[in-house]
Each structure stands twice: as C-alpha cells, then as structure tokens.
There are 2 protein chains.
Amino acid sequence: MKKLVVIALALFTLTVSQAQEQKRPDPQPAPENSESFRLGMAGYTFVKFDLETTLKTLQRCDVHYLCIKDFHLPVASTDEEIAAFHKKCADYGVKGYAVGPLYMKSKEDVDKYFDYAKRVGVKLIVGVPDYELLPYVDQKVKEYDFNYAIHLHGPDIKIYPDAEDVWEHTKDLDPRIGMCLDIGHDTRNGKDPVADLKKYHTRVFDMHLKDVTGPTKLGYSVEVGRGIIDFPALVKMMRKVNYTGVISLEHERNMDDPFMGIAESIGYFRAMLVATK
Amino acid sequence: MKKLVVIALALFTLTVSQAQEQKRPDPQPAPENSESFRLGMAGYTFVKFDLETTLKTLQRCDVHYLCIKDFHLPVASTDEEIAAFHKKCADYGVKGYAVGPLYMKSKEDVDKYFDYAKRVGVKLIVGVPDYELLPYVDQKVKEYDFNYAIHLHGPDIKIYPDAEDVWEHTKDLDPRIGMCLDIGHDTRNGKDPVADLKKYHTRVFDMHLKDVTGPTKLGYSVEVGRGIIDFPALVKMMRKVNYTGVISLEHERNMDDPFMGIAESIGYFRAMLVATK
C-alpha cells in the first residue's frame, strides 16, 4: 500500500510539473501601462515579409496595433479578403488601426484610397497627397469623417519634409487633416520632434517610432536607443500633450533580418515608459 | 564638354551615394554611458548554440563581455585552443571576463576549475561549491588571488537559494569570496534583489540580469521588463553602491530561439540606464 502511495505521489508530481511547463504563457504579456497612447507597428517594417511573419513578430513583441500596408492587404482586395485579413490579425491579437502610408498623386488615387480605408473599416489614413490635392483631401475628410495623417519624410522627398511643413500646409484645412509625426525623419530635417509634438499636437494623429544617427539627410535609421533622439523627453511630452493615438515602430534597419532590431527597439521604448513615470 | 561634366557629376553622385550606403556601420554602437558597471552576457543563454552564433548575437546587441561557459570552451582545452577562443571573441569585439557557473562537488573539481580559470586568463570564477568545500575554496582564492562569485539559484536546488544564504556562508571567509547576484532567482526565493544588493554589495562580484513572473518557485524567467522586478530601483541601487562588475543577461526563455528575447531584454535595460539618470 505504501508503495502505491509513493507511485501515486510520483505520478502526481510529474503531472503537476508538466502542467507547470505548459502553463507558462508565451508570449508573456508586458505589464499593463496607464498611458493614453498605444504602441503599434508600421506595416512598412515588414516590407520584405508576409503577413503571417509580421503577425507572429507582433505577437512575440506583445504589440497589438498594426498600420496596414497595401503589400499585406492589396487595395483591390474583395470584402471577403478584407474579412479574412482581419480574422488572421485577430488570431494573433492584432488590430489594424489605420492604412498607409499611401502616396496620392491624383484625385483618382484619393478616391481609391478613401474607398479602400472605408472597406478596410479604419477611420485613419496615413497618406502623402501631392500639395495641390489638399483641397480635395479636405472635401473627402468631411465626406468620410476620417482623420488623415500626412506622413513627413525628411529631406528624402520633396514634399512634407517635416512637421512644420505639414502644419503650414494643413492648419487652415479641416482639423481632421494633420500628420503622422515620424520622429526620425523630422530629426533628419534638422527639427526637434519633441518640440514639434508640443507645437503641433492638435494635428498629430499618428506617430512613427524610430531612432536616427544624425540631424541631416546623412542620418540614418537605427535601433531605438542607438541614435540621437531624446526618448525620455519624447515620452514625457507625449503624456503632457495627452497624445491618444498610436506610436508605431517603423524599423528601417537590416530590413532583411529586422527581428532582433524590432525587439530591441520595443524593449527600449517600453522601459522608457516605465522609467519616466 | 557639358555632356562630359554631366556624366562625371552623375558618376560622382552615384559613388557618393554608394559610399554612404557602405559607410553605415553595422552594428551601430549604443551610445557611451558613464556607468561604473558593464553590461554583459552569461554564456548559459546560448546553451543550445555554438560560440560563433553567440558572438554574432553579442555583436548585434553591442554587448562586449561574456561569462564563458564550458560548453563553449571545454575545461580540457589546450592553451592553443584557449588562445584561439580569445582570438575569436576579439574578432567580434567580445572579452571573456569570467568563467562559469561551474559546479564543484569535490576538491578535485575545485582544483580543476581554478586551474581552468587561470589558463583561460580570467580573475573571476562564477561557481557553485558544495557547502563543505568552502574552506578549500577559501584557500584557493588566497592562493590564486581570484574573486569567487557563488551563483545563487532560488528554490530549484538545495544550496545557495538566495543572496542571504551566500552571505551567511561566506561572510567570515576571505573577502574575495562572494556572490553572483542572480536577481531572478533571488526574487524567486521571495527576496528583494535591490535590498539584497544594498545589504551585500561588498560581496557582489557578478550579477545575472533577467526578469521573472513571480516571487516563488513557480515564477519563471521572461524577457526583461515583462516580469515583476523593479528595474528603475535596481539600476539606481547599482549606482548607489558603485557596483563595478558586470551585469550579464542570463536569458532563460525560448532557449531554442532566444534572439528576439535577448534583444528586447538588452534594449529594455539600456533604456533604464538612460531614463533613470
């Protein structure tokens, strides 16, 4: 009888220890934070990877918001394909919160992409409209009741180099037209993204998280924390202006194998949130 | 002639832009910090990977100190093999700063591992000696003038569950015998590693960086920042006690594919250093 008890106990212990192994959730969610804003991922980070790899990576990093790029969900997608896309995102705990960046060079582009956004079911477009299309974008924003965040791109392209440029071009338009404040490109155009967030926050509807090595065109994208951006100041300013949008990592480094860089950047930013409280 | 100038300019521009591409260092070093301590990696993190993968990963994370495990440099290595090992580390900008953890269950083990450390050329052993061997370790430490950091292991094994236990067993021995303060295992034994660092810092010669989900044996290792350890307090205490050793990431999560977890943990800890200044 004693022998039986010993065997039973041994089996019980084995079962418990196996159960413990299995009980460990993976990924372990990051602790809840009380921020007004959310951490997300810009789809462009995964320009060389399919949706499944993208979503698995978000899941591992415990990131739940994705700005959808058209290479993951083509503009010509049917409603069924869009539904399948959302279902797949949901399977990984991810929500597509916006579409873009989308370059708009004609009224037809504007029409097409507003229709796309509506069918995707988001209320935020990250776009780059030619300057002369802004009055038309203004009409469409009123018609659709969307926010339209113009992506600024530093000295690389001619239009919208920085936050000031977007502000100057949009301040007299519908207040639903504003910017996706890309802190890296703003820096590369010689501006201070923290000061710009303070100045223009009423028109900041999306943000791109990254770091860069210098305040000129020669500055390039690196893992968050390895460049020159002042992240403690940025996070404090995001709180001060009560930013309520998403700040999405747009990682443009080692794009053939970005995974460690993505993880390092996410870890760095999460620690900033904790340490600057 | 004008045509030639245009062609020459075009070629020049092409060359410059290619040079710019090539000039981007990879990895981009993390900014210098002014800490008294250094960030390192515990070799055990790479128990399933060879030395080359280990070193490449350290290089990508910009980590330059490795605690050498014997599966990467066997105890029976010849002097030539040891020299080749150091050469290979140096190729990746990495320095082996200690050996271990090494379990010592007999005087022969103690002899063997002190000899190994001496041949490897380090002055720090991370070890786990059976309690009754401590007087012999005391002799050897005097003989070799090494620091000997006893690795504490929480409730998993019988000896040295936490910092207090190491302290109680070593406080009357040579001051070169102390601990590798594993903040995760100390936490899992119900202790506060920040308070323990304060109490026992004179005998803390190495630290293991990790995070855990709970303050009991059921707590398990996760990416730094996803568990319960108070990292702002830890970093501030490391400065307060002027810790001058290495804090090495011992990542014990997804050990078949630890790379993203390693990067996230390193990023998190680096941000802590910046944000708590």
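Please read all numbers here as calculations on a predicted model, not as lab measurements. For every chain, the first residue of the written sequence is number 1, and numbering continues from 1 onward in sequence order. The order in which chains are written sets their letters, starting at A; the order in which ligands are written sets their numbers, starting at 1. Local features in a predicted model are, by the rule used here, given only for residues with pLDDT of at least 70; side-chain atom pairs are given and counted only at 80 or more, and totals for whole chains, interfaces and linings are based on all residues. Only hydrogens and water are set aside; all other atoms, that is, all heavy atoms of the structure, feed into the side-chain values.

Colleague: Help me understand unusual backbone geometry in this model?
Modeller: Note on backbone geometry: most residues besides glycine have negative phi, and most peptide bonds are trans. Residue and element names in this part refer to chain A. The amide bond that connects glycine 100 to the next residue, proline 101, takes the cis arrangement and shows omega of -5°. Despite not being glycine, aspartate 62 has its phi angle at roughly 60°, a positive value. Within the fold, aspartate 62 resides in the loop between α2 (51-61) and β2 (65-68). For every residue, the accessible area (1.4 Å probe, protein chains only) is compared with the maximum for its type, and the residue is labelled buried under 20%, exposed over 50%, or partly exposed between those bounds. Judged by its relative accessible area of 13%, aspartate 62 falls in the buried class. Per the convention used, a helix needs a DSSP run of H or I reaching at least four residues, while a strand needs a run of E reaching at least two, with both numbered from the N terminus.

Colleague: What's the story with the pattern of salt bridges in this structure? I'm lost.
Modeller: When the charged atoms of two side chains with opposite charge come close together, those side chains can pair. Residues and elements named next belong to chain A. Salt bridge criterion: a side-chain nitrogen from Lys or Arg within 4 Å of a carboxyl oxygen from Asp or Glu. Taken as a whole and judged by the stated rule, the model has 58 salt bridges over all chains. Here glutamate 35 and lysine 277 are joined by a salt bridge, their closest N and O atoms 3.5 Å apart. Of this pair, glutamate 35 sits in the loop between α1 (2-23) and β1 (38-42) while lysine 277 sits in the segment after α10 (259-275), and the two are 242 residues apart along the sequence. Salt-bridge contacts for lysine 210 lead to aspartate 182; the nearest nitrogen and oxygen are separated by 2.8 Å. Of this pair, lysine 210 sits in the loop between β7 (204-209) and β8 (211-212) while aspartate 182 sits in strand β6 (residues 177-182), placing them 28 residues apart in sequence. Exposure remark for lysine 210: the relative accessible area of 1% places this residue in the buried category. Counted as one network, the salt bridges with shared partners bring together Lys123, Asp138, Lys142, Asp145, Asp174 and Arg176.

Colleague: Is there a simple way to explain the sheet that holds β6 of chain A in this structure?
Modeller: The strands making up a sheet associate through backbone hydrogen bonding, with each pair oriented either parallel or antiparallel. All names here are of chain A. A pair of strands is labelled paired if DSSP reports no fewer than 2 bridges between them. Here we have 8 strands rolled up into a closed barrel, ordered β1-β2-β3-β4-β5-β6-β7-β10, and parallel in their pairing. Across the sheet, the mean angle from the axis of one strand to that of its neighbour is 30°, orientation sign disregarded. The pairing of β2 with strand β3 (residues 95-104) spans 4 bridges and is parallel. Across the sheet, the residue bridging to cysteine 67 is alanine 98, located in β3. Orientation is described by lines fitted to C-alpha atoms, with helices fitted over the stretch in contact, and by angles between N-to-C directions that extend from 0 to 180 degrees.

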